[in-house]
Structures are given as structure tokens and as C-alpha cells.
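Tertiary structure, described
Residues per chain are reported as follows:
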Amino acid sequence: MVNMSIKKKESKMASSLPSDKIILTGFMGCGKSYFSQRLAEALKLPLYDTDSLIEAKEGISITEIFSRYDESYFRTLEAEIAFDIQKSSQAAVYATGGGFPIFYHDILEIGTVIYMDIPFKQIVARMSTEDIKKRPLFQDLDQALALYNSRLELYKKRSHLQIDATQSIEQMVQCVQSFLHTR
Ligand code: S3P
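Below, the structure is looked at part by part. (Residues numbered from 1 in each chain as written. Predicted model: local features only at pLDDT ≥ 70, side-chain atom pairs only at ≥ 80, totals over all residues. Heavy atoms only, no water.)

1. Focus on the packing of aromatic side chains
Remark: the centre distance and the inter-plane angle together describe each pair of aromatic rings, the angle taken between the planes. Scanning all chains against the criterion turns up 10 aromatic pairs. The interplanar angle of 40° and the centroid separation of 5.0 Å between the aromatic rings of phenylalanine 66 and phenylalanine 74 together place this pair among those described as tilted. Take phenylalanine 66 and phenylalanine 74: they sit in the same class, and that class is buried. An aromatic cluster is present here, built from Phe27, Phe120, Phe138 and Tyr148 joined pairwise through their rings. (Phe/Tyr/Trp six-rings, centres within 6.5 Å; stacked < 30°, edge-to-face > 60°. Buried < 20%, exposed > 50% of the residue type's maximum accessible area, 1.4 Å probe, protein only.)

2. Quick word on the site of the ligand
Not every one of the 14 residues close to the ligand is listed here, only the nearest: Lys32, Asp51, Arg75, Arg135 and Arg151. One of the side-chain N or O atoms of arginine 75 is found 2.6 Å from an oxygen atom in the ligand. One of the side-chain N or O atoms of arginine 135 is found 2.5 Å from an oxygen atom in the ligand. Contact with the protein chains removes 94% of the 390 Å² of surface that the ligand exposes when unbound. When contributions to the shell around the ligand are tallied by element, the ones reaching two or more residues are helix H4 (62-68) and helix H5 (71-87). Of the residues belonging to the shell around the ligand, the class tally is 6 nonpolar, 3 polar and 5 charged. (Near = heavy atom within 4 Å. Polar contact = N/O pair within 3.5 Å; in protein donor to acceptor, adjacent residues only side chain to side chain. Areas by Shrake-Rupley, 256 points an atom, 1.4 Å probe, with all protein chains shown as cover. Helix = DSSP H or I, 4+ residues; strand = E, 2+ residues; numbered from the N terminus. Nonpolar A, V, L, I, M, F, W, Y, C, P; charged D, E, K, R; others polar.)

3. Things to note about unusual backbone geometry
The phi angle at lysine 44 is positive, at roughly 55°, despite the residue not being glycine. Inspection of the secondary structure puts lysine 44 in the loop between helix H2 (32-43) and strand S2 (47-49).

4. Some remarks on the pairing of strand S5 (residues 161-164)
Covered by surrounding structure in S5 are Leu161 and Ile163 only, the residues Gln162 and Asp164 on the alternate face being uncovered. Sheet topology note: the strand S4 (residues 112-117)/S5 ladder contains 4 bridges and is parallel. Note that in S5 the partner of isoleucine 114 across the bridge is leucine 161. (Pairing = 2+ DSSP bridges.)

5. With respect to the sheet that holds strand S3 (residues 93-95)
One open sheet holds the 5 strands; their spatial order is S2-S3-S1-S4-S5, and the pairing between them is parallel. In this open sheet, the two edge strands, each paired with only one partner strand, are S2 and S5. Ignoring which end each strand starts from, the neighbouring axes of this sheet average 25° apart. Two elements, strand S1 (residues 22-25) and S4, share 4 bridges in a ladder whose sense is parallel. (Axes fitted to C-alpha atoms, helices over the stretch in contact; angles between N-to-C directions.)

Now the structure itself:
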């Protein structure tokens, strides 16, 4: 009995180390791609992007997946990637699509989940026409805002750390590093 509880504690600690999987979450356009590159460099970890993994697996773009099939087909592919990541023992930074923590309920089990928090207004201000074009679920502003509002609570709930994504990249990297070192 005693041994079991020690083991549990040890595994909890091991899964919290900086060498663990770092999962970045946040709404479309919050800056995951750019920040994940800088974070992976700072932590000296490889970087994977779940949308790019899906595109590579299917051989077509996310936009194409949504238009040829539908959102539920995309979610199935996303769940397969999530499962692969969960099974993998490789320490890495993973940038995820905006729906990943919403549809993948066990995300907190995969690794350290960091949510990039940013007001919707700022997302809109930062996004270019090109950025919008690439995102099938951001074609209508009112619908995108409704989606943002509907997801906000879950993003927060399904994260170990929330960072203010309006800060500079350097400040965000520092924030994550100090969080990882104090865990
Ligand atoms: C989605 C976000 C997109 C992409 C897909 C669905 C979402 O990724 O996974 O279009 O449901 O929020 P980004 O967050 O990188 O735009």
C-alpha cells in the first residue's frame, strides 16, 4: 500500500519534468505556431504541430480536409494524432490546433498543457487575410466569436498553466521556463 502511493508520487513528478511533452493550446490565431518555435528552441526540444502532422498523414491541407470531407472527419484524424502523441515517449513541444483540447478530453494526461490566453479582439487585430483563409472555422467573425466564447472555460480547465499571450515572446518563454522549473 505504502509502496504504491510512493510510486504514484514519483510518476506524477516524472510527468512534470521539463523534459516531458509540452502541449501548447489556444484559440485559432493566438500565436501558437510562432511561440512554439521559440519555446522549443529555448527548451532544446523538437517541435511538432498537430495540424502539420494531420496534413502530412492525409497529403492535403486542413482547408482541403474540411471541404472534401467535414469537421467530424478532421476530428477523427486529430484524435488519431492525439493518441499517437499520448503513446509516444518522446519529449517535445507540441503546438495543437484550436479544437484539440476541446475534443481530446484526456489532454491533461499527455503532458504539461499550456494555454495561451488572449482576448478575441486581439486575435482579430493580429490576423491577416491569409491567416483567415487557412482556417475553415474562422470564415465568419460572429461565429468565430461564439466559438471562442464557448471554448474559453474548457481551455482554462484543461491546462496546467495559462499564459498571457499578449506579452512578448521572451516574457512568455520565461513564464513557461520558470513554471517548469518550479514544478
Ligand atoms: C481549428 C483550429 C485550426 C485547425 C482547424 C480547426 C479549431 O488550427 O486545427 O482548422 O477547431 O479551432 P489553429 O488553431 O492552428 O488555427
